Amino acid sequence: MDVDEFRVRGKEMVDYICTYMNTLRKRRVTPSVEPGYLRGALPSEAPMHPEPWDDVMGDIESKIMPGVTHWQHPHFHAYFPAGNAYPSILGDMLSAGIGCIGFSWAASPACTELEVIMLDWMGKAIGLPPAFLPFEEGSKGGGVIEGSASECVLVSMLAARAAGIKRLKHQFPTVDEGLLLSKLIAYCSKEAHSCVEKAAMISFVKLRILQPDEHGSLRGETLKDAMEEDEEAGLVPFFVATTLGTTSCCSFDNLPEIGPVVRKFPSVWLHVDAAYAGSSFLCPEHKYHLAGIEYADSFNTNPNKLMLTAFDCSLLWVTNKYLLTSALVVDPLYLQHCYDHTAIDYRHWGIPLSRRFRSLKLWFMLRSYGISGLQKYVRRHCELAKYFEQLVRKDSRFEVVNQVKLGLVCFRLLGSPDENHEAVDELNKKLLSTMNASGKIHMVPASVRDKYVIRFCVVYQHATREDIEYAWDTITDFATELLEGPDKERDLNEERARRHRAALAHKRSFFVRMVSDPKIYNPAINKTPPPIPTSPGTPPSVAPASPDTPSEAGSIQLVPSTPKQSSWISWPLAFFFQSVDHDANDLPLRFRHLDTMVRLKSPNHGRRGSSPGASPERRAPSPSAN
Ligand code: PLP
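Note that the coordinates shown come from a computational prediction; the quantities given were computed from them, not determined experimentally.

1. Brief notes about the overall build of the protein chain
Right, so step 1: Helices and strands together make up the secondary structure of the protein chain, namely 19 helices and 14 strands.
Right, so step 2: Here the protein chain holds 626 residues, and the buried ones make up 52% of them.
Right, so step 3: The contacts in the protein chain between residues at least 6 apart in sequence include a share of 72% that link residues at least 24 apart.
Right, so step 4: Total accessible area computed for the protein chain in this model is approximately 28700 Å², and 57% of it derives from carbon and sulfur atoms.

2. Some words on the site of the ligand
Right, so step 1: Near the ligand you find 13 residues, and of these Ala149, Ser150, Thr247, Asp273 and Asn302 are the closest.
Right, so step 2: One nitrogen or oxygen atom from the side chain of serine 150 is found 2.5 Å from an oxygen atom belonging to the ligand.
Right, so step 3: For the ligand, an oxygen atom lies 3.3 Å from a polar atom in the side chain of lysine 305.

3. Observations concerning the environment of leucine 133
Right, so step 1: Within the fold, leucine 133 resides in the loop between α4 (109-126) and β1 (142-146).
Right, so step 2: Separated by 12 residues in sequence, leucine 133 and tryptophan 121 place their C-alpha atoms 8.9 Å apart.

4. Side note on the sheet that holds strand β3 (residues 206-210)
Strand-to-strand pairing in sheets goes through backbone hydrogen bonds, with the strands running parallel or antiparallel.
Right, so step 1: Taken together, the eight strands give an open sheet; going across it, the order is β1-β7-β6-β5-β4-β2-β3-β14, and neighbouring strands pair in mixed fashion. Two strands bound the open sheet, and with one partner strand each, they are β1 and β14 (567-570). On average, adjacent strands in this sheet sit at an angle of 20° to one another, irrespective of strand direction.
Right, so step 2: Sheet topology places strand β4 (residues 236-243) next to strand β5 (residues 269-273); five bridges connect them, and they run parallel. Looking at the pairing, threonine 242 lines up with valine 272 of β5.
Right, so step 3: Sheet strands in contact with α4 are β1, β6 (298-301) and β7 (314-318), and its direction is about 80° off that of β7.

5. Re the state of the cysteines
Right, so step 1: Per the stated rule, a full pass over the model turns up zero disulfides.
Right, so step 2: Its sulfur unpaired, cysteine 410 is 5.7 Å from the next cysteine sulfur, which belongs to cysteine 249.

6. Here we look at the pairing of β3
Right, so step 1: In terms of burial, β3 is largely enclosed, as five of its five residues are buried.
Right, so step 2: Covered by surrounding structure in β3 are Lys206, Arg208 and Leu210 together with Leu207 and Ile209, the residues of both alternating faces.
Right, so step 3: Note: strand β2 (residues 184-189) against β3, five bridges, orientation parallel. Opposite alanine 186, over in β3, you have leucine 207 as the bridge partner.
Right, so step 4: Handedness of the crossover joining β2 and β3 through helix α7 (residues 194-203): right-handed.
Right, so step 5: Two strands pair when backbone bridges link them, and β3 and β14 are joined in this way by four bridges, in the antiparallel orientation. Following the sheet pairing, leucine 210 is matched in β14 by serine 567.

Conventions used here
Residues numbered from 1 in each chain as written. Predicted model: local features only at pLDDT ≥ 70, side-chain atom pairs only at ≥ 80, totals over all residues. Heavy atoms only, no water. Helix = DSSP H or I, 4+ residues; strand = E, 2+ residues; numbered from the N terminus. Buried < 20%, exposed > 50% of the residue type's maximum accessible area, 1.4 Å probe, protein only. Contact = heavy atoms within 4.5 Å. Areas by Shrake-Rupley, 256 points an atom, 1.4 Å probe, with all protein chains shown as cover. Near = heavy atom within 4 Å. Polar contact = N/O pair within 3.5 Å; in protein donor to acceptor, adjacent residues only side chain to side chain. Pairing = 2+ DSSP bridges. Axes fitted to C-alpha atoms, helices over the stretch in contact; angles between N-to-C directions. Disulfide = S-S within 2.5 Å. Right-handed = clockwise from strand over helix to strand, strands pointing away.

Structure, rendered in structure tokens:
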């Protein structure tokens, strides 16, 4: 394709996109294809010779579109909004056109500088404290655009991990970093996004998953108890991930309580994930959710969710950029340049080296809409959710399960009084699977306070009250059919739905399993903690005392640890051990083994190697290993 053809085809592509957007209502929301549908429709090998562009585009409509889930469809109410406002599409187009790779300031100065300025604009517009902003007097803060909220959480955890190990290494210079790593523990609520657990898996650290209150909010006291207990057991708290606007039910962790708790522990990093809710803070009436943000070390939000901006655009701010960059820096000669001490090189702020000119789309969005235009959009989004909530509340067959603060309403059929918890869950599963299979509407489930609920999110950019009424009419029609339809047909549908669910059972929904299900690790600790074995020959549940409080010159004391009922720990690689046998899944046992297998030793006691980084002694687990 030469430049003349590109000029023509580019315009045709814009036309195609416009027609697609304008005619979306005519399509099913979700495709009705089976896995592998495309393989049979495409050749088994790449073409040896060029093909006409018309043929390529012809295949889009005949082969690709039948397999597309239309996220911009007015009747798509799943997940969270996925922005694709036109100015942001144009920004991505220009970014691809310019085609620069902005890993350092020198690699494309405008790419870096516009990003710094956009993060400053956005930080101010959202209401972040000056410590997060790059141009404030004395600030060590700043922001970066990452590819996803998951990356934001991961790099924050990696930075906190590096700082934690550095601090411990300072206290225990002869102890191997691997052992120090095994003492680090992070915290999040059960409502935190699964990306927190993934970050812990990648970072190879333990993560204690805590029970939030009845509104899905993690409270300071719960965190404090867990951190104190873990510290007493010899673990080293290093990272707390909180969420403003959780994925299952849009709940908000209690930052004003959590912040002061975190401050009591030296060097614990407090992260705030506001992937969805963050853009709502553009509106003064939603800014109260940011109370306590002054305690945070990092904060992320995705304009590609509630700020209409095309994916990918995840913003991360930190109050100490040096902690972030020192954890991620690599500096080969071929990437160095003469301004690298005065300019930002964004390759040190994330995982990939190469990065697109993503700030263009943010700039286009902010200038095309203005803050007022974005506020208007957020307000309409929230009003429509409130309207949907009212409709649900008027129908006595249903209940609303979350506090509706932004655009997400979690609801469910109540079932009849004689139906038990499982039966009501089943009823709601049936309702959702029948609705989704119809292609008329699309929603996903979540688990809220152990109830199976249906998430209704206002997603469509130009949604109106009529769209919300359509959704509610569709839902109530299906519900009536389910509750009152002829028994025979209902049985048949139930059987179909049951088979469908069985087929999907292995692919557990991302939204159902927000964080590790404790059952995966140890069924016994799901509801009741397992008994602590006390028989002779069985070691008590023990763990080394905190390296912060060594009893003698860096040695570690073994102290009893009590399993917590209201939380569980996600272990690095726990997944691999889960099916070995039941005992291997028993967390407190594994916890005990891990901690008794290794022990931290005082710098000069029984050291085999003379190097400061000599590995600690490793032993087979034994009751006397203390
Ligand atoms: N955090 C929260 C609160 C989310 O809702 C989501 C996704 O919905 C994520 C993190 C993960 O976002 P990403 O897909 O950008 O990694």
